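# Observations on chain architecture
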Amino acid sequence: MADLILPGLVDVHTHLRVPGGEHKEDFATGTAAALASGITAILAMPNTSPPLTTPQRMQETRKVAAEQIYIDVGLFAGASPEYLDDLAACAPYAVALKIYLNDTFGPLRVDDLPTLEACFQRWPAGKLIAMHAEGQSVAVGIGLAAAYDRPVHFCHISRREEIELIAAAKGRGLPVTCEVTPHHLFLTEDDVSQLGPLGDMRPTLANKQDVEALWAHIDDTIDCIATDHAPHTLAEKNSAKPPPGVPGLESSLPLMLTAVHQGRLDIERLVDLMVTNPRDIFDLPDQSDTMVEVDADASYRISADILRTKCGWTPFAGQAVYGRVKRVILRGIVVYEEGQLLASPGSGRLLPPTSNDSQQLMIIGNDSKSSEETSYGT
Ligand code: DOR
Ligand code: ZN
Ligand code: ZN
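Residues numbered from 1 in each chain as written. Chains lettered and ligands numbered in written order. Predicted model: local features only at pLDDT ≥ 70, side-chain atom pairs only at ≥ 80, totals over all residues. Heavy atoms only, no water.

## Things to note about the pattern of salt bridges
Two side chains that carry opposite charge are able to pair once their charged atoms sit near each other. Here the structure, examined in full by the defined rule, presents 14 salt bridges. Notably, a salt bridge pairs Asp72 with Arg331, separated by 2.6 Å at the nearest N-O pair. With a gap of 259 residues between them, Asp72 in strand β4 (residues 72-78) and Arg331 in the loop between β11 (320-330) and β12 (333-337) connect regions that are remote in the sequence. When its relative accessible area of 4% is taken as the criterion, Asp72 is described as buried. A salt bridge links Asp103 to Arg109, with the shortest nitrogen-to-oxygen separation between them at 2.5 Å. Overlapping salt bridges, with partners in common, bring together Asp219, Arg269 and Asp272 in one network. (Salt bridge = Lys/Arg side-chain N within 4 Å of Asp/Glu carboxyl O. Helix = DSSP H or I, 4+ residues; strand = E, 2+ residues; numbered from the N terminus. Buried < 20%, exposed > 50% of the residue type's maximum accessible area, 1.4 Å probe, protein only.)

Here it is as C-alpha cells:
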C-alpha cells in the first residue's frame, strides 16, 4: 500500500477522565495520544468523577478542555436517575446522551424502565442517544429505538448474539447503529490468562466464535470502530480490585491497517468505519483541509515505550502491526510530524460549538466551506 493519505480519524468513544481522574489521563495527554495516532476528533465519555450529569459540570469541563485540547473534542452527557431534571439543559453542551444499562467503571447506571423512558422523552429529539448495553440490554435499547422512533447507537458490541440482533433490527429498518472496539476484534478470552488485569474491560473479552461473528459483520452491520480508550494506571490495574478498561487510542489505526494488510477489510471500508460513519451518526462538522499521512507498509511491534497516554501501557504490547502515522494536518496546519507534536494546547475545538464559545463560532464561520479532498492511496 505504501503511503496513504487518510482523512482525520474520529473516535466516538474515549475516556479522558476529566474531572476527577486526571492522574489516569487528561485532555492534553489524551488528545496528544489521539493526534499522534491520526485521530483528529474524539467524543469523551461522561463517567467522570463527578460524572457529567448537569449543565454546570459540562460547562466547567468544556472550559478545562478548551485550554488543553490538541484536536476537536465533544462531551457526552451522562444519564442518571437523580439528574433527570437536568437532562435537557445538558444538551447544548453535549454531542449525545450516554446511558449505561450495565455495570462498568463509575457510578452512572440506568436499569429501570421508567428512568429509561424519561431519558427518551426528555433528551432533545435531534440529538443521539448512545448506550452501554450488553446481552439482553441490547434488546431493550432496540425496543426503545423502535417505540420512540429515534436513533440509538450501541457502544462496543462484542458478542455474536448482539451483533446478530442488531443486524436483524437494521434489516427491519430500525434506526440503530453500533461500534466495535479493536480489542474485541483482536483479542479473545484466551488472552486473559496472559494479560491478567490488563485484559479486563467491560464488555469482557469474548470467545473465538464471538470474534469471528464480529469480523463476519465488518462490511455491513458494524458502523464504526471506536477505541473505548479507558486508561487506568498500572498500579490501579495491579491492585486487589482492578478497575475495568484498557487504553486504545494509539493502537487502533495500526491494528485496523494490519487487518487491511491481511485482506480482512479494504481501505475504503476502514475510512467508512473510522471517519465517515462516526461523523454522520454523531452529526459532527467536517474538518476542512485535514489529512493524515501514513506509511502503510511500516511494520513494527507495538510498544508501551512510545505511548503518549498518561497510563503508559497497552494490552497490545509486542503485537506485530503495519502502519505508522507520519504527518497530520489539521485545518491546513501541520500539527504532528515524525513523532513531534507541533500543535499548541487549546488549538482543538469544542463540539458542538455553543453561543458561549462565540470566538469558536466565528472561526468556524470563516472556514466552513469545506475543501476537503481525500485520497485513500497512492
Ligand atoms: O472497561 C470499561 N472501562 N468499560 C466501560 O464501559 C467503562 C470504562 C472505564 O471508564 O474505565
Ligand atoms: Zn461502556
Ligand atoms: Zn467506555
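## Digging into the coordination of the zinc ion (ligand 2)
Coordination of the zinc ion (ligand 2) by the protein comes from His132 (ND1) and His156 (NE2), over a distance range of 2.0 to 2.1 Å. In this structure, the zinc ion (ligand 2) lies 3.6 Å away from the zinc ion (ligand 3). Taken together, the positions of His132 in strand β6 (residues 128-132) and His156 in the loop between β7 (152-154) and α6 (160-171) put the pair 24 residues apart, joining distant regions of the chain. One exposure class covers both His132 and His156, and it is buried. (Donors = N, O, S within 2.8 Å, 3.2 Å for Na, K, Ca; no water.)

## A short note on the coordination of the zinc ion (ligand 3)
Donor atoms from the polypeptide that bind the zinc ion (ligand 3) are His13 (NE2), His15 (NE2) and Asp228 (OD), placed at 2.0 to 2.1 Å. One chain supplies every donor to the zinc ion (ligand 3), and in sequence these donors are spaced H-x1-H-x212-D. With a relative accessible area of 6%, His15 lands in the buried category. Residue Asp228 is classed as buried on the basis of its relative accessible area of 6%.

## Concerning the packing of aromatic side chains
Inspection of every chain in the model, using the stated rule, returns three aromatic pairs. Ring centres of Phe76 and Phe282 lie 5.9 Å apart, and the angle between their planes is 85°; on these two criteria the pair is classed as edge-to-face. Linking Phe76 in strand β4 with Phe282 in helix α12 (residues 267-282), this pair joins segments that are 206 residues apart in sequence. Residue Phe282 is classed as buried on the basis of its relative accessible area of 4%. Aromatic side chains Phe186 and Trp215 sit 5.6 Å apart centroid to centroid with 90° between the ring planes, which places their arrangement in the edge-to-face category. Of the two residues, Phe186 is situated in helix α7 (residues 182-186) and Trp215 in helix α9 (residues 208-216); the sequence distance between them amounts to 29 residues. Trp215 carries the same exposure label as Phe186, and that label is buried. For Arg264, the ring lying beneath its charged end belongs to Trp215, and the centroid distance is 4.2 Å. (Phe/Tyr/Trp six-rings, centres within 6.5 Å; stacked < 30°, edge-to-face > 60°. Lys NZ or Arg CZ within 6 Å of the ring centre and 35° of its normal.)

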